[in-house]
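A closer look at the structure
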Amino acid sequence: MLSRLIEACARNRFLVFTGVLLLTLAGIWSLNHLPLDALPDISDVQVIVHTAWNGEPPDVIEDQVTYPIVTSLLAAPRVKAVRAQTMFGDSYVFVIFEDRTDLYWARSRVIEYLQQIGGRLPENVHPSIGPDATGAGWVYEYAIVDKSHKHSLADLRSLQDWHLRYALETVPGVAEVASIGGFVRQYQVQLDPNKLLAYHIPLSTVIDRVKASTNEVGGRLLDLNGARYMIRGLGYLHSLNDLANVAVGSNNGTPVLLRNLGIVNFGPDIREGAAEWNGEGETVGGIVVMRDGQNALNVIEAVKQKLRDIAPSLPSGVEIMSGYDRSGLIRDSISTLQRDLLEEAAIVSLVIIVFLLHFRSALIAIVTLPIAVLISFIPMHLLGVSSNIMSLGGLALAVGVLVDAAIVMVENGYRRLSEYQEQHSGPVANDIRFQILIDAAKQVGPALFFSLLIVVVSFLPVFLLEAQEGRMFRPLAWTKTLAVASSSILAITLVPVLMTLLIRGRLRPERANPVSRFTQALYLPVLRFCLHHRVLAIVVNLVFLVVTLPLALRLGSQFMPPLFEGSALYMPTALPGIAIGQATALLGEQDRILRSFPEVESVFGSVGRSDSATDNAPLDMYDTIVMLKPRESWPPGMTYEKLTQNMDAKLQFPGLSNTWTMPVENRLDMELTGIKTPLGIKVQGPNLEGIERAASEIQAVLSDLPQVRSIFAERVAQGFYIDVEPDRAEAARYGLTIEDVQRAVTSGIGGQNIAENIEGRERYPISVRYERHFRDAPQRMLDVLIATPSEAQIPLGQVARVNFSRGPSMIRDEDGALTGYIYLDLKDANYGGFVAQATRQLQARLHLPAGYTFQWSGEYEFELRAKQRLKLILPIVFFVIFLLLYMVFHSVAEALVLIFPTIYALTGGLLLQYLLGYNFSVAVWVGYIALFGIAIETGVVMLVYLNEALDRRTQGGHSLSKADLEAAVMEGAVQRLRPKLMTVTAVLASLAPILWATGIGSDVMKPIAAPIVGGMITSTIHVLILVPIFFMMMKERMIKTPMNEENP
Amino acid sequence: MNKYVVRTSLVWLAIVICLVAAYFYRARAPKLVAPSTEVQPVAIGPVAPQTAVNTHNATTPAEAPLTPIVLTPERMQSIGVETGTVEWKQVNDDIRATGTVDIDERLLSYVQVRFSGYVRKVFANATYQYVKKGEPLFTIYSPELVATQNEYLLARRNEALLSHSNVDGVASGAAALTTAAEARLRQWNIPEAEIATVRETGKPVSDLVIDSPVSGYITERNALANLYVEPTTRLYAIADLSRIWVNAQVFQDDVGRLKPNDAAQTTVDAYPGRTFRGRIESILPQVDLATRTVGVRLEISNPDLRLKPGMFVNVDFRTNMGRRLVVPASAILQSGARQLAFVDEGGGRLTPKDVVLGPRVGDEVIVLQGLSAGQRLVTSANFLIDSESQLQAAAGSYMPPPPGASAAATQPSQTAQVNIDFTTDPNPPRKGSNTFHLKLTGNTGKPIDGADVSVTFFMPAMPAMGMAQMTTKANLSSQSNGMYRGTGVLQTGGPWQVTITVQKSGQVLATRQLRVNATGGM
C-alpha cells in the first residue's frame, strides 16, 4: 500500500508540489500566529475566589467567609479540589478543576455556585473571582519612581490606582493590573473618646453621621419656560474641611462638629504590602497580569508602548521604571532555540553533503527539513500549543530524526542509480532512472515510515505525564511528534518526487567516496573480528552494561532543570507576624545591598501582597526581583551560582531565611498549592488546636519508625493576637450585648471604612476610629468607650478583658475542613510500603477524637498514579512498537533483536549524564524516551540492509551456506554503512548545538539532549556490531532448522 | 501479506488481549465480601484501641523553644539593633479622666434680706457682674424695717427721757427696750454703720443699702427694682471663682488607685499647652448610676479666672507608685501568653529571657520578675531576633559553652584552637547524596584525629510555600591525618545552614556555622 502511494506520488509531481506548497504556506501562517512565552504554563485549571474583608483576623474570615465559600463550591461539576488560604484581611479559595476543563466554563460554574451563598456571608463582604490568569501570567512589573521627591506615596498610589491601572488594563491580553506598595489615601476621622463622653455623643452616632455626609442625588426634572432643568442634590465632600464640619449633634442649639470631637485628616489605609526601588526608598509598583493563553511577548510590547504613550501625562518628576520584564527572557530563549535550530539544520545539511558528495541529492533532505518543521506548526496552532522553550525544544530534538527518512531514501536511490550507471556505462534513459529511483524508494520507504512511526509511538508515554510535568512537557512531545509525523508523511510523498527530479547526472559510486572508504576501512576489520568472536563481543557488551547501570543510583533527581532567566528572585521569609514597618525597613536595606553588586541592573523589591487575587503572599514573604545585566558584561569567572552565593553571604539578616529562585520558576512553584515534599500527611478536623494536637501525636507515633529521616508537624499558631474577650455577665449588667462590645472593637480600635467619597474618577474610603493615642497599647484599648442603653458611656475594660495570645496567621482549608500539614522525609524511596506500615501503626496506637481524620498526601501520590499508568501503558507501547517492527520484518526474533538497542542506548545516556553532572529529572527521562525511539529506528535501518543483502543471495533459490550468510552480513553491514552513519551523525550533529549553546533557555534543553547524544553513541556501536551478530546467530539457527521456508 | 503473517499476528493479538483483559480484571475486581444476613454499615467508626496513647495532656501545643544567639556586629547593624537598660526608677501611674469645672461650693454666697420690703435701686444689675465685698448691691425699702427703726428711735428717746427716772426699773426698762430694738435691727442683719446712722441722725433710713457680703461673680440675680422681697427671696448668688472645683468622672475601676491629696493636672482645650495643677480634695462617696463614674473633686486655685464653671476639662491623675524596676516598653516582645526580653550580654550575644511584667507606665513597663537592674535589653528589631532564636533552636545548632566557662572567655579561644576545613563533593553540594570532607588541624597545623565530628544541615520551613523545615545530620568518620568523611542526603537544593560540631571525649572542641547553597532546584 505504501509502495503504491510512493509510486502514485512520484507520478503526480504537480499535485504533490501544490499540496506541499499550500501546507508550507499554512505552516508559515500558523508560525506567525503562535503565542510566544518562555515556559508553558503548568498550573492547574483553577479559579481563584478572592474575598477581601478589611481588618479581620484569619479565624474570623475562615469561619464566616472561607468556609461557606469552600463548602458551596465542593459540589460544583468537574471540581477536583477546593483549597483555601485565609490570611489577615483576605480569603483565597482555589477551585481546581479537572485537567482540560475550559477555563471560562469553570469560571461560570464558580460564579453560579457563589450566587447560592450570597445571603450567608457577612454584610459588606463580597467574594469575587480572580482574573482569568494565573501567577505565571505576571509578565511585567513596574515601579513608579518620583525623582523630584515632591509626590507622596499616597499620590503615587493614587496615580497607579486611578490612572495607570485602567490605562494598562485596556491593553489587549492584560487580565489585570495589580498595585503594590505606597499608601492608599484614606479620610480618617480620629476621635477623642473623652470628647465623645463630654458631649454625650456615642461612636455609633458619629459613624451614622459620617456615612450620611457624602452623597449626591438626582431630583428628576423641572420644566421651566419651555426648558428642561435637571435637578441634583450636591453633597460630595470636596475637602477635608467639609468632612471636619460635618455636624454630629447639637448641644443647646450649638452644633457639635466632627472637628470638635477629634482630628480629621488624610492617612494610609491598612497596608498588606510595600514596594521598594533600587534601595532608593519606598515606591509604588504595578504588576501586569497576562490573560491565560495569550502571547506574552505581544502583551509586554503593547504594555510598554502604552506606558510610553502615557509618559507625557505623568506628573513632573515621576518616572515609570521597568522592575521586571519577561520579554527579554522570551526573546532570548526563543532566539537561542531558533539559533540552535538553524545551526542544526546547517550541520545536518553539511553532514549529508559530506557523506554523499552530491549537492543536489543533499538538497532533497535539506529541503524536506524546513518543510516538515513548518507543516508541524499547523496542528500546533490548531491545538493551541504555544511557542516556548519546550515546544521549540521538541523541534530541536526532532531535527536529526526528521532528515533520517530522506537521507536513507536519497542514499538508496543514489546508490542504486550509481550502481546502474557503473554497470551500464553511458547516459541513463530518463524512464529507467525514474523506475530505479522509485524502486529504491519503495524498497526502504515502508520500513522508514514504520520506523518513524515507532519514533512517534515510543514518545507517547510523555503524553501520559500528568499534572505539572505533563503540562510542562506536553508541548515538547506535541512538537516532536508532529514534526516527526509530518516528516514521515513527507518521506513517502515529497521525497520520492524530489528524488526523481534531483538525482540525475553523473553520480559518483560509493567506492569513490573518501568518507565512505575511510569509515568502511575502519569498520570492516572490527566487524569481522566480532563476528568471529561473538561470545567475547557479547560478554564485553554485557560487562559494559553492568558497569554503567549502577551510575543511575548515584545521580540525584529533581523536577525540572533550572532555567537561567536572566534575573534572580531574592525571596527571604520572616516568621509570621512581622509588622509592616519592620518588614519595610529590612526591604530597603536588602535592596541597597543587592544594588551594590555590579552585575545588577535594577532591584525591585516588594514584601507582602499586591491587590491581585493571584497574589496570596503573606506579609512575611519578600519577593525582590533582581534584574541582572547580560552575562557578557559580568566580571570574568562570575557565574549565576557564584553571584547568588555572594549575594546570599551579604544578605544574612537575623530572623530571615533566604531563598534564591527565579521569577518564572517561582511563579510556577507558587501555583502549586499543597504539600511539596514527596510524602506528607494532611490532618483535618473541626478546630485548629485539635489538629495541632493530633498532628503532634502522629508525629510522636511515626518518629519511631526506622524509615523516617525527619518528620515535622506544622505549627498552626504562628500569629500574634490581642484578644478582647467580653465578660458576658458584666456586659449584661450594663444592658450591653456582645455585639455592642464588639462594635467598640471594630469601630473604636479597628476603625472601619464606613463610606467612600467620590472625587471625579477617584474614590477614597472614609474611616472612623479613635485617635492613635487612645488605642496604641492594650491598656489604652481598655479605655475605649461603649455607649450603654442608659446613655452612659463606660470603658471597654469594665466589660471585657484584653489578653495577648498566639493564633493562626494563615489558615488552610481543604475541601471544607481545616487542615494542618505534617511533612515527612524518608530514608528510602519505598513510599507505598511505608504508607501501608505507618497506617497500621497509626491505627493501632493513635486515637483521634471524632471528627478528625488524616490522609496521606504529597508528590508520591502523583508518582503512584504515574506508576499505575506506566504499568499499563508501557507494555502496550512496547507491544505496539513490537507489532510495528513485526509488520516490517515479519519475524518475531528480528523484532526482539531490535528492542535491545534501547538498553545499550541507556548505558551511553547514563554515562554522558554522569559526566556532565545532570541529575535525574523529568527532562532527562523525556530525553531517554526520545532516545529509545531513535535507537530502534537506527536498528531498523541496519536490519533492512542486512535483510536486503540476504535476499540478494537467496534470490537465486539456492540454499544458504554459513559463508554466504557471513558474506551477506558483511555486505549489509559494511557496504551499507553510509546511510546508517548518516542518520546517526545527523542525530548527533543536530544535537551538538544544543549541548554547546550558552544562551538563555539552553539550560533546560541540555539535560534532554545529553542522554540522546550519549545513548546514540553506544547504541550505534551496538547497532553496528551486535545487531549483525544477533542477525547472524538467528539466521544460522534457521539454516540448521529450515522449517520456515515461508520466512523471507 | 501472506498467510503466515496473518496467522502469527492474530495469535499474538489474542495473547495480548488476554493479558490486558486479565490485568484489568485484577485491577477492577472487587474484594469478595462474605455474605451476611445482617445489613452491613457502609462505614464503621474507629473502635478506640484499649491502650490508646493518651498524649492529649502531654502534647498541648508548646511555645516555640528559644536559644541564645550570637550575632556579628554587621548583622546587628543590618537590622538596626538598639538597646536600653533595666533600671530602678521613680514611677507614676497615670489615670486620665474627663471633668467639668464647678464653682467651689465653699465660696458661694447668696444675698438675701431677713425682712420683707421693696427693692428700690439696684446697683449690681447684671448676672455675671463682678462685685467686690462691701460694694452696694441694691437699696431696699421695708416698711417693717422703717417701723422697727422708728421703734428703735422711740426707744432711744424714751431711754434718754427715762434714764434719770428714779422709779425703780424704769430706766433699765427703757434701756432694755432700746437694746431690744437694736438687737432686732442686728438680727435683721442691718449693718452696724446703718444703725449708727439711724442713731446719729435720729431718722430712720428708708432705703437701706445692701452691700455685697463677698467678692465674686453674680451667678444669679433676682433683684429688680420694686421687687417685693420676702425673707425667703433669694436676691443674688455670688460666687468667688478665685478657687474652683473640678469634678472629674473617674471610672469605678480606676478609683481604687487614687487617694486624696494626689496631684492632678488639668488641661483645657481652650488653653492648649497650659496645665492647671491641683490636688484631689476628696473622692466622692457615691457612684453616679447614670454614668457609672465616681466623682473626684479637685481644688484648683484660679487667680486669673481662666477656668470657668461648666468648662470641660481633661484631668490627668498622677499617683506615685514608688521606685520600681522598669524597662523600655519597646524591649518586650509579647509572644502570646509569654513575654520576652532579649538581654544583650556583649559580644553580640543575645539571650532570651521570660519576664513577668507589671503595669505599663508611659513608655516604660514595670518588671516584676526575670530581669535585674543594669542589664542591657534589645529595644528594636526584637521580632527578628526572636525569629532568629526560634530558627536556631529548630536547627539545634546552638552549642552551649561547656559548664563552668564563661561565654565571653571561651568562645574565641575555642575557635582559635581548631581549624576546620570543610568541603563537599560535589562542591557546591547538590540535591541528593553528597560526600562531606573535613580536615581538622590544631592552630599549629597538627592534624587532630579521633574526634566525633557531626555536620547538621538545616533549612527552615516556609509555610507559605508549603515547604517544611528540613534537617540532615551526618556523622563523619575519622580517616587518617585529621581527615573526616561522611555522606548525607540533601532533600532539596537551596541555601542550607550548616553547623559543624567537633567533640572529643564528650567535650566540645569547636563549633562552626556556615551556609552553603545546594544546587538541584527545590
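Coordinates for the structure precede this section.
Residues numbered from 1 in each chain as written. Chains lettered and ligands numbered in written order. Predicted model: local features only at pLDDT ≥ 70, side-chain atom pairs only at ≥ 80, totals over all residues. Heavy atoms only, no water.

Attention now moves to the packing of helix 22 (residues 688–702) of chain A against helix 26 (residues 831–845) of chain A. Residues and elements named next belong to chain A. Two numbers describe how helix 22 lies on helix 26: the axes approach to 10 Å, and their chain directions differ by 115°. Taken as a pair, helix 22 and helix 26 cross one another with a handedness that is right-handed. Each of Ile-698, Val-701 and Leu-702 in helix 22 lies in contact with helix 26, whose residues at this interface are Ala-838, Gln-841, Leu-842 and Arg-845. Looking at the contact of helix 22 with helix 26, its residues break down into 5 nonpolar, 1 polar and 1 charged. (Axes fitted to C-alpha atoms, helices over the stretch in contact; angles between N-to-C directions. Helix = DSSP H or I, 4+ residues; strand = E, 2+ residues; numbered from the N terminus. Left-handed = near helix turned anticlockwise from the far one by under 90°. Contact = heavy atoms within 4.5 Å. Nonpolar A, V, L, I, M, F, W, Y, C, P; charged D, E, K, R; others polar.)

All names here are of chain B. As summarised here, the arrangement of the 4 strands in space is 4-11-9-6, forming an open sheet in which the pairing is antiparallel. Strands with a single pairing partner mark the edges of an open sheet, and in this sheet they are strand 4 (108–111) and strand 6 (130–131). Sheet topology places strand 6 next to strand 9 (residues 216–221); 2 bridges connect them, and they run antiparallel. When the bridges of strand 9 are listed, Tyr-130 appears paired with Tyr-217. (Pairing = 2+ DSSP bridges.)

A few words on a nonpolar patch on the surface. All names here are of chain A. Side chains of Phe-544, Leu-911, Tyr-914, Leu-915 and Leu-916 sit close together on the surface and give an oily, nonpolar patch of about 430 Å² of accessible area. Per element, the largest residue contribution to the nonpolar patch is 4 residues, and it comes from helix 29 (residues 901–916). Mapped onto the elements, Phe-544 comes out in helix 17 (residues 534–548). (Patch = residues over 30% accessible without salt bridge, like charges linked within 9 Å, V, L, I, M, F, W, Y side chains within 5 Å. Areas by Shrake-Rupley, 256 points an atom, 1.4 Å probe, with all protein chains shown as cover. Salt bridge = Lys/Arg side-chain N within 4 Å of Asp/Glu carboxyl O.)

As a further point, take the environment of Asp-452 of chain B. Structurally, Asp-452 of chain B is set in strand 25 (residues 452–459). For the pair formed by Asp-452 of chain B and Ser-505 of chain B, sequence separation is 53 residues and the distance between their alpha carbons is 8.1 Å.

By the element assignment, Gln-334 of chain B lies in strand 17 (residues 333–335). In this structure the side chain of Gln-334 of chain B is engaged in a polar contact, spanning 3.3 Å, whose partner is the side chain of Gln-339 of chain B. Those residues within four positions of Gln-334 of chain B in sequence are excluded, and the remaining contacts are Phe-720 and Phe-804 of chain A together with Gln-339 and Leu-357 of chain B. (Polar contact = N/O pair within 3.5 Å; in protein donor to acceptor, adjacent residues only side chain to side chain.)

Time to look at the pattern of salt bridges. Inspection of every chain in the model, using the stated rule, returns 47 salt bridges over all chains. Of the charged contacts in the structure, one is a salt bridge between Arg-743 of chain A and Asp-740 of chain A, with a shortest N-O distance of 4.0 Å. On the criterion of helical spacing, the pair formed by Arg-743 of chain A and Asp-740 of chain A is a turn pair, its members being 3 residues apart in helix 24 (residues 738–750). In this structure, Asp-94 of chain B and Arg-318 of chain B form a salt bridge, with 2.8 Å as the shortest nitrogen-oxygen distance. In this pair, Asp-94 of chain B sits in strand 3 (residues 87–103) while Arg-318 of chain B sits in strand 16 (residues 312–328), placing the two residues 224 residues apart along the sequence. What makes Asp-94 of chain B partly exposed here is its relative accessible area of 35%. Owing to a relative accessible area of 38%, Arg-318 of chain B belongs among the partly exposed residues under this scheme. Taken together, the salt bridges that share partners define one network made up of Asp-104, Arg-106, Arg-243, Glu-281, Arg-297 and Glu-299 of chain B. (Buried < 20%, exposed > 50% of the residue type's maximum accessible area, 1.4 Å probe, protein only.)

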